[in-house]
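Inside the fold
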Number of protein chains: 2
Amino acid sequence: MSRTPSGAAVLRPEVTEAIAEAVLDELCEQGFGRLSMERVARRAGVGKSALYRRWPAKSAMVVDVLSRLSVPVGVPPDTGSLRGDLRAMLDAVVEWMTEPRLRRILPDLVAESARNPELAAASDEHIGKPRRQWAVPALERAVLRGELPARADREVLLDLLAAPVFWRLTTQGGLVTPDYLDQLADLLVRGVAAG
Amino acid sequence: MSRTPSGAAVLRPEVTEAIAEAVLDELCEQGFGRLSMERVARRAGVGKSALYRRWPAKSAMVVDVLSRLSVPVGVPPDTGSLRGDLRAMLDAVVEWMTEPRLRRILPDLVAESARNPELAAASDEHIGKPRRQWAVPALERAVLRGELPARADREVLLDLLAAPVFWRLTTQGGLVTPDYLDQLADLLVRGVAAG
């Protein structure tokens, strides 16, 4: 891609990609609080001006790069039962949350979002909402099979597919065993059945 | 308290208290990542040497101050039923996690613990374990009443008394309504009943 002699600068995608990788690496190692435009630029091997041509500020840069994380799991399998679907989704959530970079970035984002409403809104838009939407088809299949009352509020159940995994990974030494997920799936199936 | 002319310096408790308050305020406003000994000293109105006389490093200082947060809720009430006890404990967890300073510090601690094993161990010792121990008597009463199978693994249930509240406060815009807690308590009671 050649430079335009005047007007809006052409942003080379390979440079954008290198910067995005540097942002993710810096977020992993330093966290949002210690992330600086200067460190990112140095890591990406570009000048700070290359960053400012793309984003007006650190927050906007992080938010844009965030959209690359989104929900990196496939369509949840249709196992034929709510128990099977919940268990498969729990496995997928664990796989997603233990992806090496996300594992370090997600807790930091959660924490920083408490201080930064713009980041909170972007995290919800690019990570929270897609993750919740991802689980909805399995719940709709369960309603059709009569395993989940149609009137049941899904918010609690959607929370319980992610919150305990996050909690255990971050506060209980990272121990999420298959046995733990079995027990959680059993509890959830029983818990919603008569709801 | 007068100074000793030699040997171990006497550490004035009112100075320690002022520093601890400054640490908590800085953790709230800046987070662990941006916390510095210099900022804490300035805020407490003391010299940095006053900090280093007490703690060798930032991490040790934060860990020590952390023990002041612990579990600031009373003994969970004996309501006579597992449902009542779980609901009361959920209220207490919400009250604890929404205490203005803890609300800002806890997510940050969770995130920083992913990078800092010393901080993770201290958080678990001073916050995690006491919180879990705090809930155990209610579960033992439920076993005696036959509402909770004696053989039931309590780990999942103990997680579910805190994880969804934390998750909702930090990722869902802080919306934890009485109705949400009612539904969560109902789901948990049904979920463990046949376990």
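Residues numbered from 1 in each chain as written. Chains lettered and ligands numbered in written order. Predicted model: local features only at pLDDT ≥ 70, side-chain atom pairs only at ≥ 80, totals over all residues. Heavy atoms only, no water.

Observations regarding the overall build of chain A
Counting its regular elements, chain A contains ten helices and zero strands. The linear arrangement of helices and strands in chain A, starting from the amino end, is α-α-α-α-α-α-α-α-α-α. Its C-alpha atoms put chain A at 65 × 35 × 25 Å along the principal axes. Taking all 195 residues of chain A together, 51% fall into the buried category. As presented, chain A carries roughly 8,700 Å² of accessible surface, and 53% of it is formed by carbon and sulfur atoms. (Helix = DSSP H or I, 4+ residues; strand = E, 2+ residues; numbered from the N terminus. Buried < 20%, exposed > 50% of the residue type's maximum accessible area, 1.4 Å probe, protein only. Areas by Shrake-Rupley, 256 points an atom, 1.4 Å probe, with all protein chains shown as cover.)

Topic: the confidence of the model for chain A
Put simply, chain A has an average pLDDT of 87, and 91% of its residues get 70 or more. Note on residues 1–7 of chain A: pLDDT under 50 across the span, and five contacts to partners over four residues away in sequence or across chains. (pLDDT = per-residue confidence, 0-100. Contact = heavy atoms within 4.5 Å.)

Quick notes on the UniProt feature "DNA-binding region" (unreviewed entry) in chain A
Those residues carrying the UniProt feature "DNA-binding region" (unreviewed entry) are residues 36–55 of chain A in this numbering. Span residues 36–55 of chain A is 75% helix and 0% strand, its end C-alpha atoms 13 Å apart. (UniProt positions renumbered as here; feature names shortened; annotations may be inferred.)

Brief notes about the relation of the copies chain B and chain A
When chain B is fitted to chain A, the residual RMSD is 0.1 Å, and the transformation amounts to a turn of 180 degrees plus an axial shift of 0.0 Å. The transformation relating the two chain copies, once decomposed into turn and shift, fits a two-fold axis. Among all C-alpha atoms of chain B, that of Gly191 of chain B lies closest to the rotation axis, at 2.0 Å. Here 100% of the interface residues in chain B have copies in chain A that are interface residues too; the copies meet face to matching face. (Least-squares fit on C-alpha atoms with pLDDT ≥ 70 in both.)

Quick word on the layout of surface pockets
The volume enclosed by the largest pocket comes to roughly 520 Å³. Looking at the largest pocket, it is lined by 29 residues, and the ones nearest its centre are Val110 and Ser113 of chain A together with Thr170, Thr171 and Gln172 of chain B. Sorting the residues of the lining of the largest pocket by element identifies helix H6 (100–113) and helix H7 (117–144) of chain A together with helix H6 (100–113) and helix H9 (163–171) of chain B as the ones contributing at least two each. Top element by residues in the lining of the largest pocket is H7 of chain A. It accounts for eight residues. When its residues are assigned to classes, the lining of the largest pocket shows 14 nonpolar, nine polar and six charged. Around the second largest pocket, the lining comprises 23 residues; the ones closest to its centre are Thr170, Thr171 and Gln172 of chain A together with Ser113 and Ala120 of chain B. Counting only elements with at least two residues in the lining of the second largest pocket, the list comes to H6 and helix H9 (163–171) of chain A together with H6 and helix H7 (117–144) of chain B. Here the lining of the second largest pocket gets seven residues from one element, more than from any other, and that element is H7 of chain B. Residues of the lining of the second largest pocket, tallied by class, amount to ten nonpolar, eight polar and five charged. (1 Å grid on protein atoms, 1.4 Å probe; cavity = no way out; pocket = protein on both sides within 12 Å on 5 of 7 lines; lining within 4 Å. Points joined across faces, edges and corners; volume = space filled by probe spheres on them. Nonpolar A, V, L, I, M, F, W, Y, C, P; charged D, E, K, R; others polar.)

Examining the domain arrangement of chain A
Residues and elements named next belong to chain A. For chain A, the domain assignment lists domain 1 (13–66) and domain 2 (82–193). Look at where the C-alpha atoms of domain 1 and domain 2 centre, and you get two points 29 Å apart. Taken together, the contacts link twelve residues of domain 1 with 13 residues of domain 2. For the pairing of domain 1 and domain 2, the buried interface totals around 1,100 Å² over both sides, and the portion due to carbon and sulfur atoms is 66%. (Domains from an automatic or database assignment. Buried area = accessible area lost by both parts, 1.4 Å probe.)

What to know about the side chain of Arg168 of chain A
Inspection of the secondary structure puts Arg168 of chain A in helix H9. Polar contacts involving the side chain of Arg168 of chain A include one to the main-chain carbonyl oxygen of Leu175 of chain A, which spans 3.1 Å. Looking at Arg168 of chain A, its side chain comes within polar contact range of the side chain of Asp159 of chain B, at 2.6 Å. Discounting chain neighbours no more than four positions away, the residues touching Arg168 of chain A are Gly173, Gly174, Leu175, Val176 and Tyr180 of chain A together with Arg132, Glu155 and Asp159 of chain B. (Polar contact = N/O pair within 3.5 Å; in protein donor to acceptor, adjacent residues only side chain to side chain.)

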